[in-house]
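# Secondary and tertiary structure notes
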Amino acid sequence: MGEVRIFGIRHHGPGSSRSLLSALSAFQPDAVLIEAPADAEAGLQFVGRTGLVPPVALLVYALDHPTRSNFYPQTIFSPEWNAAQFAFSNGLILRAIDLPAAIRLADPPSEEPEDSEDKLLPTTNQDPFTLLAEASGYADGESWWEHLVEERSDPTDLFQAITELMTSLREATREDSDPWEVRREAHMRLAVRKAESEGFSRIAVVCGAWHVPALLKKSSVSADQSTLKGLPKLKTTATWVPYTYERISYASGYGAGIRSPGYYEHLWHSSPETMAQRWLLKTARLLREEGFDASTASVIEAVRLADALSAVRDRPMPGLRELADATRSVLTNGHEEPLQIIHRKLIVGVRIGQVPSDIPTVPLQSDLESLQKRLRLKPEALERKLELDLRNENDLERSHLLHRLAILKIEWGHIQTVSGKRGTFHEHWLLRWQPEMAMHVIEASRWGGTVEAASSAKALEHAKSADSLPALTSLAHDVLLAALDSIVPEVMHRLEDAAAAATDTRSLLEALPALGRVMRYGDVRKTSAESVGHVFSSIFVRACVGLPAATAQLDNEAAALMVVAIDGAQSVVSLIADAEREQLWFDALQVVGDRADVHRLVSGRVVRLLLDSGRVDSDDASMKLSLAASVGATPSETAAWIEGFLAGSGAVLLHHDKLWNVLDEWVSSLAEEPFMEILPLLRRTFSTYSKGERRQLGERVREPGGTSKAIEESLDEIRAERPLPLIRLMLGIGETGDR
Amino acid sequence: MSNLLREHAEQAFAHELEEIGRADGRARPPKWRLSPWAVTTYILGGTLPNGFEVTPKYVGSRRLIETAVATLATDRALLLLGVPGTAKTWLSEHLAAAISGDSTMLVQGTAGTGEEAVRFGWNYARLLAEGPSPAAMVASPVMRAMTEGKIARIEELTRISSEVQDALITILSEKTLPVSELDIEIQAVKGFNVIATANDRDRGVNELSSALRRRFNTIVLPLPETLEEEMQIVSQRAAAIGRALELPAEAPSLEQVRRLVTIFRELRAGVTQDGKTRLKVPSGTLSTAEAISVLNNGQALAAHFGDGTLRAADLAAGLVGAVVKDPTNDPAIWKEYLETVVRERDGWKDLYRACKEVG
């Protein structure tokens, strides 16, 4: 019978790793068994492959349900990773002995994907580690373990001590009733026994400390087998994906749950004597890079404080808590903001792992590849233009794909606004595939296994966390363009809630254009227009009601933004063509136009919109203009009104003589000083016009008595027709059917 | 009971300090009366091995106190920073009392604090009669602390003018006080250190020069984190002050304290405790210290003009005064709060009516 030794570790514990490595070389095993799902064993063969650089994660996913997957992250300081490396470099047998993910994933996850894989602490109500830690004066179980195990430099007898401790702990707490824990431990026991019966003589088992007593427990093979009997299974496959420290530190469903991977890596790489100094030096150097003061003298003081703190707290040496307190007190003078940088860049760390290209990849990637193939959309590094006609089924799907990828922040395509062909049936994209997008695909794979599922999940998550109306509006817009129909109702619901709570009318106005476009072109894009319609009208009504109050008392900057918002809303009002809604809108504009406390830029704009839509006639408009230009107003106020009124197109002046005359009179009446003052403002307005328009206006000035008809009459048809043959030739169109 | 109006920390808690000293078997830094561990216990309270109960002097994060004590143990000066009423002075007094057994080496920083308050002055009569000599010098609290190896306290450091502040640099970095007139220097003995306090709310303060700042370890004292924590502080302190002033009133009921602290916290945070209603924030700081003084005020009223039991009416007068600091905006803010929150709350009718009466 062979010797089995069980090494209880903490997942991702650098101290555990260090002790484990020295214990393994002392033990000289001929087989290494680690706590990883048995069906991930295929992935373990890649450990030791050059190019596989941690942090990486072993990903096990169900072949037929790619969304069902579990990540098992590994870092350079993870005991399992080091055990696997040890086995690889000594040519030993390496096995994964935990319950196969195939069984785990067959049980549809109730909420979040399972995370017990990477948890030190068990899931009993009264966490025994915390009780123990509190008894010895630590804040929680994690920091207690940290000091006792991870920051320990002398590993002798550590594993024996852990085994004894865990045994008495598990005896003292009631047995875990979680059926999954029971099954996992049964599976591990069976796997160890199997290795024994195969004749290995020195077997090293590396597993979470909590499981040690269970693996030592004498339990009959048949009992364990019956525990595992008849459990449903899925077909799974395992692969490696790059991982980041940031994700390891997420308390998200994939477990790991270590809060300071960057700090752990530091522990792993440095000797205990110089650990604190090196850490504080790194901190100081980071602070300097970020533009904060951090002198060498301060580092010395910080080291002294950290040492003194560990003495006050009865610790053999400073730990992260002491280092953080010393940093706060000495290096950042109590300021919080640099501490956040330190947390992100040092304590969590910014490392990204690598996986060589010959290792097969994540389900999202394969789904993307199959979509690319089906839609004949090859990823190319060179930039290329793509014009999509959305009436065409294939193009529509391509558009959906690109929009979905954009939601997942895989920015393969950038949509272009092409003048002349606005909206409707066409979309212009600029495509460029960049190598780091492969990484983004993997990053995005946590949201789901297919492009549609992942983008839906991510957008929904955003919808749940976003609370500002503009954020939700743009999200809703993206979701509709990406045709994520399954989540449209939820997003619309959130949007409506946010609109109800919104007090900022401008953001309501700004929400309208995007929604309006969707309604208008909904049938082309096959999006569900009716779900949008309800939200649109509710936002629209709120905006109309709030408009008069929202336009009062604005400063120049706010007024300019308000004008843009009003213009945007106007553009959809005319798109929708619903008389009742339109009336509501123009009534609100009327009120704004009549009020005196409204910024002139806004009043001018509003009057123009009313004039363009025929709600006021040119007599009214010129009266308003002369009111705005009357002595009561300062020249700059008048100029603002005119800017609002005339912005975009000056044709109105050519067609309405009255307006022309009022404006003309006003400009002529200005004294030199105010004229010089407002000249730049007027210039700015007129410079937005097209060249032709400006020329016509100039000509209009030259003949003061002339009317607008004079301009039209001046068109010489015979001369105008002369260049036509040449133009036809250039455009390659025949004369047939023309004119 | 002594007839002093207010006792120093080392007088008021002499018994506790003595008990802790007896139980404290750990290593003490030179000239320290207690070990760092015992100082922490004195400040945060706890039970000694012999069962003696130490009352908590400061309610809040253990980490902060440990960092403060460790700072003083490394002979670095300590700067306590925070908005008014976050127990900076209180903490510095108790730290000095526990470490040196003497919290009286105190410099109160004001715009008029001169160099002689930080370094030394001259006894001019003697100076004229005998010429310059060490005997003609008048030691400042800081200088006395240096020669006796004790903790010197500087209150409101940022209110002192920059030139005077910088006189501290030599003292803190070289631990010496040169007297150029006599060509001598006064070197600090072991055990000397400085605790300074400064508030970061005041406008028009004299920012510390970076040279001076570098010589301090900074600890920012926060406002109490939870309602329960703040309740504990307020009721405990109010009771203690009430005792000292020999107010015959009963201790305030927890319910009154809770209402008071709730009002302070809500107005400070600009949102009600349940997170449902947004509130405007008045201009005052509404610190815990002010809550304590409102409570004391109310107790005094109850004792001398009421039946000895603290009632809503006794609280209302002080409460309105504490909230309404700026006569233009605060009254409207307070009225809005009164009408929308106080009025609607179950069991707060008496307080509502009392506040309405005050105005």
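Residues numbered from 1 in each chain as written. Chains lettered and ligands numbered in written order. Predicted model: local features only at pLDDT ≥ 70, side-chain atom pairs only at ≥ 80, totals over all residues.

### Considerations on the overall build of chain A
- When you go through chain A residue by residue, the secondary structure sums to 36 helices and 10 strands.
- A buried classification covers 43% of the 739 residues belonging to chain A.
- Within chain A, contacts between residues separated by at least 24 positions form 76% of all contacts whose residues are at least 6 apart in sequence. (Helix = DSSP H or I, 4+ residues; strand = E, 2+ residues; numbered from the N terminus. Buried ≥ 20, exposed ≤ 12 C-beta atoms within 10 Å, placed from the backbone. Contact = placed C-beta atoms within 7 Å.)

### Here we look at the interface of chain A and chain B
- Contact residues are listed per partner, giving 15 residues for chain A and 20 residues for chain B.
- Put simply, the parts of the chain that give the side of chain A that touches chain B at least two residues each are α14 (296-312) and α15 (320-331) of chain A.
- Looking at the side of chain A that touches chain B element by element, the count peaks at 8 residues for α14(A).
- Residue classes in the side of chain A that touches chain B are distributed as 6 nonpolar, 4 polar and 5 charged. (Nonpolar A, V, L, I, M, F, W, Y, C, P; charged D, E, K, R; others polar.)

### A few points about the sheet that holds strand β10 (residues 426-431) of chain A
Residues and elements named next belong to chain A.
- Across the sheet, 3 strands lie side by side as β8-β10-β9; this open sheet has antiparallel pairing. A single partner strand is all that each edge strand has here, and the edge strands are β8 (384-389) and β9 (413-416). Taken pair by pair, the neighbouring strands of this sheet meet at an average axis angle of 30°, ignoring direction.
- Pairing of β8 with β10, which is carried by 6 bridges, proceeds in the antiparallel orientation. (Pairing = 2+ DSSP bridges. Axes fitted to C-alpha atoms, helices over the stretch in contact; angles between N-to-C directions.)

### What about the packing of helix α21 (residues 469-481) of chain A against helix α22 (residues 488-501) of chain A?
All names here are of chain A.
- Viewed as axis vectors pointing N to C, α21 and α22 meet at an angle of 160°, and their least axial separation amounts to 10 Å. On the basis of the axis angle, α21 is roughly antiparallel to α22. The way α21 lies across α22 gives a crossing that is left-handed. Between α21 and α22, the residues in contact are Leu 469, Leu 472, Thr 473, Leu 475, Ala 476, Val 479 and Leu 480 and Val 488, Val 491, Met 492, Arg 494, Leu 495, Ala 498 and Ala 499, respectively.
- Split by residue class, the contact of α21 with α22 holds 12 nonpolar, 1 polar and 1 charged. (Parallel < 35°, antiparallel > 145°, perpendicular 65-115°, else oblique. Left-handed = near helix turned anticlockwise from the far one by under 90°.)

### What to know about the pairing of strand β11 (residues 216-220) of chain B
All names here are of chain B.
- Burial analysis of β11 places 4 of its 5 residues in the buried class, the great majority of the element.
- Note that strand β3 (residues 77-82) and β11 share 5 bridges and pair parallel. By the bridge assignment, Leu 81 is partnered in β11 with Val 220.

### Describing unusual backbone geometry
- Cis geometry is adopted by the peptide bond preceding Pro55(A), which originates at Pro54(A) and carries an omega value of 5°.
- Residue position: Pro55(A) is located in the loop between α2 (41-44) and β3 (56-62).
- In this structure, Gln28(A) is a non-glycine residue whose phi angle is positive, near 55°.
- Looking at the secondary structure, you find Gln28(A) in the loop between α1 (14-27) and β2 (31-37).
- Even without a glycine there, the phi angle at Asp75(B) is positive, about 60°.

### Brief notes about the sheet that holds strand β7 (residues 236-242) of chain A
All names here are of chain A.
- Taken in spatial order, the 3 strands line up as β4-β3-β7 in an open sheet, and their pairing is antiparallel. Looking along the sheet, the strands with just one partner apiece sit at the ends: β4 (69-74) and β7. Averaged over all neighbouring strand pairs, the angle between strand axes comes to 20°, with direction disregarded.
- Direction of pairing for β3 relative to β4: antiparallel, over a ladder of 6 bridges. Paired with Ala 57 across the bridge in β4 is Pro 73.

### Notes on the nonpolar core
- Of all hydrophobic cores here, the largest spans 279 residues; its most connected members are Val32(A), Leu33(A), Val205(A), Val206(A), Leu95(B) and Leu260(B).
- The contacts of Val32(A), once residues within four sequence positions are left out, are Ala83(A), Phe86(A), Ala87(A), Leu92(A), Leu94(A), Ala204(A) and Val206(A). (Core = buried A, V, L, I, M, F, W, Y, C linked by C-beta atoms within 7 Å.)

### Regarding the confidence of the model for chain B
All names here are of chain B.
- For chain B, per-residue confidence averages 87 on the pLDDT scale, and residues scoring 70 or more make up 97% of the total.
- Taking the mean pLDDT of every element in chain B, the minimum, 80, falls on helix α11 (residues 227-244) and the maximum, 95, on strand β7 (residues 151-155).
- The complex model carries a pTM of 0.64, and its ipTM stands at 0.77. (pLDDT = per-residue confidence, 0-100.)

### Some remarks on helix α8 (residues 179-197) of chain A
Residue and element names in this part refer to chain A.
- Here α8 contains 19 residues, and its C-alpha end-to-end distance of 27 Å stays within 8% of the 27 Å for a straight helix at 1.5 Å per residue.
- Within the sequence span of α8, burial applies to Arg 184, Glu 185, Ala 186, His 187, Met 188, Arg 189, Ala 191, Val 192 and Ala 195.
- Buried positions along α8 lie against β1 (3-9), β2, β5 (93-98), β6 (202-208), α9 (212-216) and α10 (221-228).
- One or two positions beyond α8, positive phi appears at Gly 199, with a value near 95°. (Expected span 1.5 Å × (residues − 1).)

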